[in-house]
Amino acid sequence: MKSNKNRKLNKFKLEIDILDFCNLNCDLCARGIPLQKDKRFTYYNEIEEISKIIKPYEFNTIKIGGGEPTMHPEFSKICQNLKRLFPAKSYYLATNGFKLENFLDEIKVFDTIELSQYPGKNDEVFDKIAEMNLSNVIPVRKEDYTELEDIYRENNLNKKNIYNRCIYKEVTHIVGGRIYPCCNIFGQAMRQNIDLNNISVLADENWRENLKKIDIETYCRRCFVKVPSYFNIALYKTLIGTGRFIKQNIRPLKKYIFKNQIKRQIKKTNASNKNI
Ligand SMILES: C[S@@+](CC[C@H](N)C(=O)[O-])C[C@H]1O[C@@H](n2cnc3c(N)ncnc32)[C@H](O)[C@@H]1O
Ligand code: SF4
Ligand code: SF4
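Small disclaimer: the values here were computed from a predicted structure and weren't measured.

**Student:** Help me understand the overall build of the protein chain, please; the structure alone is not making it clear to me.
**Tutor:** The helix and strand inventory of the protein chain stands at 9 helices and 8 strands. For the protein chain, the proportion of its 276 residues judged to be buried stands at 29%. Looking at the protein chain alone, contacts between residues at least 24 apart form 74% of all its contacts between residues at least 6 apart.

**Student:** I'm lost on the site of ligand 2 in this one. Help?
**Tutor:** Taken together, Cys22, Leu24, Asn25, Cys26, Cys29, Arg31, Ile33, Gly66, Gly67, Glu68, Asn96 and Tyr118 make up the full set of residues adjacent to ligand 2. Grouping the amino acids of the shell around ligand 2 by side-chain chemistry returns 6 nonpolar, 4 polar and 2 charged.

**Student:** Would you take a moment to explain the nonpolar core for this structure?
**Tutor:** Nonpolar side chains tend toward joint burial in soluble globular proteins. Membership of the largest hydrophobic core comes to 49 residues, with the highest contact counts inside it found for Ile16, Ile62, Cys166, Ile174, Tyr180, Ile185 and Cys220. No other element matches helix α2 (residues 75–85), which puts 4 residues into this core.

**Student:** I'm lost on the site of ligand 3 in this one. Help?
**Tutor:** With respect to spatial proximity, 16 residues lie near ligand 3, and among them Cys166, Cys182, Asn184, Cys220 and Cys223 are the closest. Every element with two or more residues in the shell around ligand 3 is listed here: α4 (162–165), α5 (185–192) and α8 (216–222). Examining the composition of the shell around ligand 3, we find that 3 residues originate from one element, α8, more than from any other.

**Student:** Hey, could you run me through the sheet that holds strand β8 (residues 201–202) in this one?
**Tutor:** The strands that make up a sheet pair up through hydrogen bonds in the backbone, lying either parallel or antiparallel. Read from one edge of the open sheet, 8 strands run β5-β4-β3-β2-β1-β6-β7-β8, paired in mixed fashion. Because the sheet does not close on itself, it has two edges, and the strands there are β5 (137–140) and β8. Bridge count for strand β1 (residues 13–17) against strand β6 (residues 171–175) is 5 bridges, and the pairing is parallel. Along β6, the bridge assignment pairs isoleucine 16 with isoleucine 174.

**Student:** What is the right way to look at α5 in this model?
**Tutor:** Turn by turn, an α-helix covers 3.6 residues, leaving residues three or four places apart pointing in a common direction. Along α5, the residues that are buried comprise Ile185, Phe186, Gly187, Gln188 and Ala189. In this fold, the buried residues of α5 make contact with β6, β7 (178–180), α6 (196–199) and α8. Positive phi shows up at asparagine 193, right after α5, with a value of about 55°.

**Student:** Sorry if this is basic, but what is going on with the pairing of strand β2 (residues 61–65) here?
**Tutor:** Working note: regular strand, side chains alternate between the two faces of the sheet. When you tally the buried positions in β2, you get 4 out of 5 residues, the bulk of the element. Bridge count between β1 and β2: 5 bridges; the pairing is parallel. Opposite leucine 14, over in β2, you have isoleucine 62 as the bridge partner. In this view, the connection linking β1 to its parallel neighbour β2 by way of helix α1 (residues 44–51) has right-handed handedness. When β2 meets strand β3 (residues 90–95), the two strands line up parallel, connected through 4 bridges. Residue pairing in the sheet places isoleucine 62 in a bridge with tyrosine 91 of β3. Between β2 and its parallel partner β3, the chain crosses via α2, and the hand of that crossover is right-handed.

**Student:** Looking at this structure, how should I read the environment of alanine 94?
**Tutor:** Among the structural elements, alanine 94 can be located in strand β3. Once the C-alpha coordinates of alanine 94 and lysine 63 are considered, the two residues, 31 residues apart in sequence, prove to be 7.4 Å apart. Once residues within four sequence positions are removed from consideration, alanine 94 is found in contact with Lys63, Gly65, Glu114 and Ser116.

**Student:** Sorry if this is basic, but what is going on with unusual backbone geometry here?
**Tutor:** Leaving glycine out, the prevailing phi sign among residues is negative, and the prevailing peptide bond configuration is trans. Not every positive phi belongs to a glycine, and asparagine 133 is a case in point at roughly 50°. Assignment of secondary structure puts asparagine 133 in the loop between α3 (123–131) and β5. By the C-beta count within 10 Å, which is 8 here, asparagine 133 ends up exposed. Of note in the backbone geometry, asparagine 193 takes a positive phi value of approximately 55° without being a glycine. For asparagine 193, the position within the fold is in the loop between α5 and α6. Asparagine 193 sits in the exposed class, given 7 other C-beta atoms within 10 Å.

**Student:** What is the right way to look at the environment of glutamate 68 in this model?
**Tutor:** Along the polypeptide, glutamate 68 turns up in the loop between β2 and α2. Judged by C-beta crowding, with 25 C-beta atoms within 10 Å, glutamate 68 ranks as buried. Along the sequence, glutamate 68 and isoleucine 18 sit 50 residues apart, while their C-alpha atoms lie 8.5 Å from each other. Once you skip the residues sitting within four places of it in the chain, glutamate 68 turns out to touch Cys22, Asn23, Thr95, Asn96 and Phe98.

Conventions adopted
Residues numbered from 1 in each chain as written. Chains lettered and ligands numbered in written order. Predicted model: local features only at pLDDT ≥ 70, side-chain atom pairs only at ≥ 80, totals over all residues. Helix = DSSP H or I, 4+ residues; strand = E, 2+ residues; numbered from the N terminus. Buried ≥ 20, exposed ≤ 12 C-beta atoms within 10 Å, placed from the backbone. Contact = placed C-beta atoms within 7 Å. Near = placed C-beta within 6 Å. Nonpolar A, V, L, I, M, F, W, Y, C, P; charged D, E, K, R; others polar. Core = buried A, V, L, I, M, F, W, Y, C linked by C-beta atoms within 7 Å. Pairing = 2+ DSSP bridges. Right-handed = clockwise from strand over helix to strand, strands pointing away.

What follows is the structure in structure tokens.
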């Protein structure tokens, strides 16, 4: 294995797939679920063990996915204990909506629920949940399959610095209790028969160092995920930077001006009340 100790580990998002089973069989499944042979649940006690090797706030966001997470027999218990097990800034769930209605209380733990539509497969349940207007549900509407990424179209063989350009490295991924350096490499491995031991590490106290040892660029070249150009990355970073600037500077300034306007208004009203 080629060592890559200088590679930084991304601490933006940790995605935990709690099972490999699904009620659907999507042709373009990014996780390769329909191709996966050794399906299993990651049970609560195993998730609890994993939580011990992740430091509180090591990741900004914790995302629960799968397979279809609502099919997990301990989904309630996982939701109820999620914040305690994995202290983080925000919590996400990815679901196709199956059985979601049974967990309306439990899913309040998630700041964001990405409800995926797979045309012709889950339209009815998708529409039903979307119409409930739950405050944390974001329906990701896909009217047809052209709106989903075609994970078979073109590999990255002729591109350079793929890992550096790929946005999916922002997500560290746990599947079947093992840790992967991005959220798509597991799905790619399913389609290309890659040995999972070469692209993932044991969930133990050495996972950070071991993850850096994976020669990921080799797998990025075989990967079918589109990587943006450096120009688009720069544009994206500028937009994020501008958004952050507005949030940190312009909004507080607006609030400050607004507060002072209100204060002046109250003073004026009090003064005119005294004159009556
Ligand atoms: C693999 S799914 C697992 C969770 C759940 N079963 C679902 O489908 O939402 C995780 C995420 O991958 C996304 N995804 C799956 N296949 C995709 C594709 N071909 N193109 C774009 N996104 C995809 C889904 O929208 C979802 O947010
Ligand atoms: S619903 Fe999600 S996990 Fe299931 S097959 Fe479709 S994309 Fe894959
Ligand atoms: S394997 Fe694919 S998804 Fe993962 S970092 Fe490389 S290019 Fe991105």
